[in-house]
Amino acid sequence: MSSFKERMDAARGLVKIDMILRHAKLVNVFSGEIHETDIGIHKGTFMGIGGFQEAKQELDLSGKYVVPGLIDGHVHIESSHLCPEEFCSILLSHGVTTAVVDPHEIANVLGLKGIQYILDSVDKLPFNAFVALPSCVPATDMETSGANLQADDLRTLVSHPRVIGLGEVMDYMGVIQAKPDMVEKLSLPVPFFDGHAPGISPQDLNAYYLAGIHTEHECSTVEEARERLRRGFHVMLREGSAAKNLLDLLPAVTPCNAGQCLLVTDDRHPRDLMQEGSIDHLVRLAIQAGMDPIQVIQMATINAARAIGLKNLGAVGPGYQADFVVLDDLNSFQIREVYWRGVRQSTRNERPKFPRFNLAGLTDSVHLGNWSPAKLEVFANEYAKNNVPVQVIGVQAHSLVTTALIRNLPVCDGLVHADPEQKVAKLAVLERHRQTGNVGLAFVQGLGLRKGAIASTVAHDSHNLVVVGMSDNEMNLAIKSCVEMGGGLCLVDGQKVIGKLPLPIAGLMTDQNAEEVAQSLSELHDSALSLGISELVDPFMTLAFLSLPVIPTLKLSDLGLVDVEHFCFTKTVLTKEI
């Protein structure tokens, strides 16, 4: 009872508390206004606003702005290539104090061990990292992953205090058709079910929402966003490194429905995190596009907390956790200081450094089995002479959605080859988990590649080894380099490796400092441009999504070319145009 009395007295301003923020311009996400006030903090919690007489520490903000700690409602740590400790440090420096993490990348490689690594590595950090358990490992039965997680596997983790829900449910057909394995996962005792349903029909959205899935981050058009808003979905406006949908979707946001909208990054490279930021970058983009700053900040804080069910986060008010950001100017939204539970964690010129978690058992994840470069050969059909019609994956700038193209490609000695004139490259996905020897082969246009090869063990969602190139020899050299590194990114020109980044943690991440990783990636990107890669394409992020058979239209897995819209395999080499 004494603790209750203490809190009442602290909130009323009757006793000495830990901290008072004097003369703050509070961006009040409840009332939608900015007003000057004092803010009381005690034992890591906001006691409220108004008049507080005495504190152990007083911070005179002299009219500076106070904003609740920002929230990223959906993000994959692994896509940053950073270990969790380094990732959380970077986010804190950009005003993000809370993130809902879906570790389905590392789960596809290491299963439950990978999820447990994420949980353990963030457990002692001054950061609110919540985990949405991966719902689709593997994402489909049209690929080979390193693990297969069923509801009973996930159930072993649901009692963990950081587990907040079920991660993006990509198998929307399994949901609306009430397939038993999906129904069982949706019956897990977790409060939040995250959505992922690109291309789903408006009528099927009814069933998807009825299943308990109430968020969506895969909208790419205003109409898609409106269809979801009309049914009660919380729409996540995404701006990642590959998929950049925020500005396209802003016209769907109105004063009447803004409360259903929140901001997420999904997948973001360290170079972009370092140079542009995280959710703070999205806030700046939206403000620069003409949105009301207070409305944008609501989308970055309280809206996210309410959509996901994060109690006592996302606002400055009595009983809320004392996570906040100090700004000099609201429109430029440049972060001055960041506090977590009332303790300063980051300043404009300094971010926290966290000790690394033990990596035992998390490396040595690339196993191709009996590999031969002959597995890269694409055979022409019996009717082919000098060329043959081929289904080609069409890459679009700043989008995860591909198109289905048909191109006539050259044939020599019975083999189909890449075509530099059309900038059509060969694409291969090699299974790396179970030594099956599976190799999927296809062709791709839109990357701009004119020579060389690019390989990566980051290949959503099963994270097999993906490689694109203009010759088999260059592709083979890139593959060998990735194997020797134990996973990572590699660029080849001719017979020379011109750039690489080792990613020893599950072939996805490194425990290097973010600055070092960002510098390596910048150098890799510059080298990629020398191979002809378009400036409109993030080479490694785009390559990583060419193997994801849940986003239309054509994708490639280790089992073959996938027609995502019809959930079936399709031919690469055609006997005639279709």
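Identification of the chain as Adenine deaminase from Desulfosporosinus orientis is taken from an unreviewed UniProt entry. UniProt annotates the chain under Catalytic activity (unreviewed entry) with the comment "adenine + H2O + H(+) = hypoxanthine + NH4(+)".

What the 5 strands build is an open sheet, ordered S6-S7-S8-S9-S10; its pairing is parallel. The outermost strands of the open sheet, each flanked by one partner alone, are strand S6 (70–75) and strand S10 (192–195). Each strand axis lies, on average, 25° off the axis of its neighbour in the sheet, ignoring direction. Pairing of strand S8 (residues 128–133) with strand S9 (residues 163–169) involves 3 bridges; the strand directions are parallel. By the bridge assignment for S9, valine 131 is matched with valine 163.

Another point: the side chain of aspartate 267. Take aspartate 267: it is sitting in the loop between strand S13 (261–264) and helix H11 (270–275). Buried and unpaired, aspartate 267 has no salt bridge, with arginine 238 as the nearest side chain of opposite charge at 5.6 Å. Here the side chain of aspartate 267 touches serine 79 through a polar contact of 2.4 Å, side chain to side chain. Filtering out sequence-adjacent residues up to four positions away, aspartate 267 remains in contact with His76, Ser79, Glu105, Gly240, Ser241, His460, Met541 and Phe545.

This part is about the environment of glycine 290. For glycine 290, the location among the structural elements is in the loop between helix H12 (279–288) and helix H13 (293–299). Counting along the chain gives 40 residues from glycine 290 to leucine 250, while the straight-line C-alpha distance between them is 9.7 Å.

The next point concerns the sheet that holds strand S12 (residues 234–238). Sheet strands line up and pair through hydrogen bonds in the backbone, either parallel or antiparallel. Reading across from one edge, S11-S12-S13 is the order of the 3 strands in this open sheet, with parallel pairing throughout. Each of the sheet's edge strands pairs with one partner strand only, and the pair in question is strand S11 (215–216) and S13. Packing of H12 onto the sheet brings it into contact with S12 and S13, and relative to S13 it is tilted by some 125°.

Rules and cut-offs
In this convention, every chain numbers its residues from 1, walking through the sequence in written order. The predicted origin of the model limits local features to residues at a pLDDT of at least 70 and limits the giving and counting of side-chain atom pairs to 80 or more, whereas totals for whole chains, interfaces and linings rest on all residues. Water and hydrogen atoms play no part in the side-chain values, which are based on all heavy atoms of the structure. UniProt positions are given in the numbering used here, feature names are shortened, and annotations may be inferred rather than shown by experiment. Two strands make a pair as long as DSSP finds a minimum of two bridges between them. Under the DSSP-based scheme used, a helix requires at least four consecutive residues in state H or I and a strand at least two consecutive residues in state E, with every element numbered from the N terminus. All axes here are fitted lines through C-alpha atoms, helices being fitted over the stretch that makes contact, and every angle between N-to-C directions spans 0 to 180 degrees. Each residue is assigned to one of three classes by its accessible area relative to the maximum for its type, calculated with a 1.4 Å probe on protein chains only: buried under 20%, partly exposed between the two thresholds, exposed over 50%. In summary, the charge assignment counts Lys and Arg as positive and Asp and Glu as negative, without counting His or the chain termini. The term salt bridge refers to a side-chain nitrogen of Lys or Arg lying within 4 Å of a carboxyl oxygen of Asp or Glu. Polar contact criterion, stated in full: a pair of N or O atoms within 3.5 Å, where within protein one must be able to donate a hydrogen and the other to accept it, and residues adjacent in sequence count only if both atoms are side-chain atoms. We call two residues in contact whenever any of their non-hydrogen atoms come within 4.5 Å of each other.

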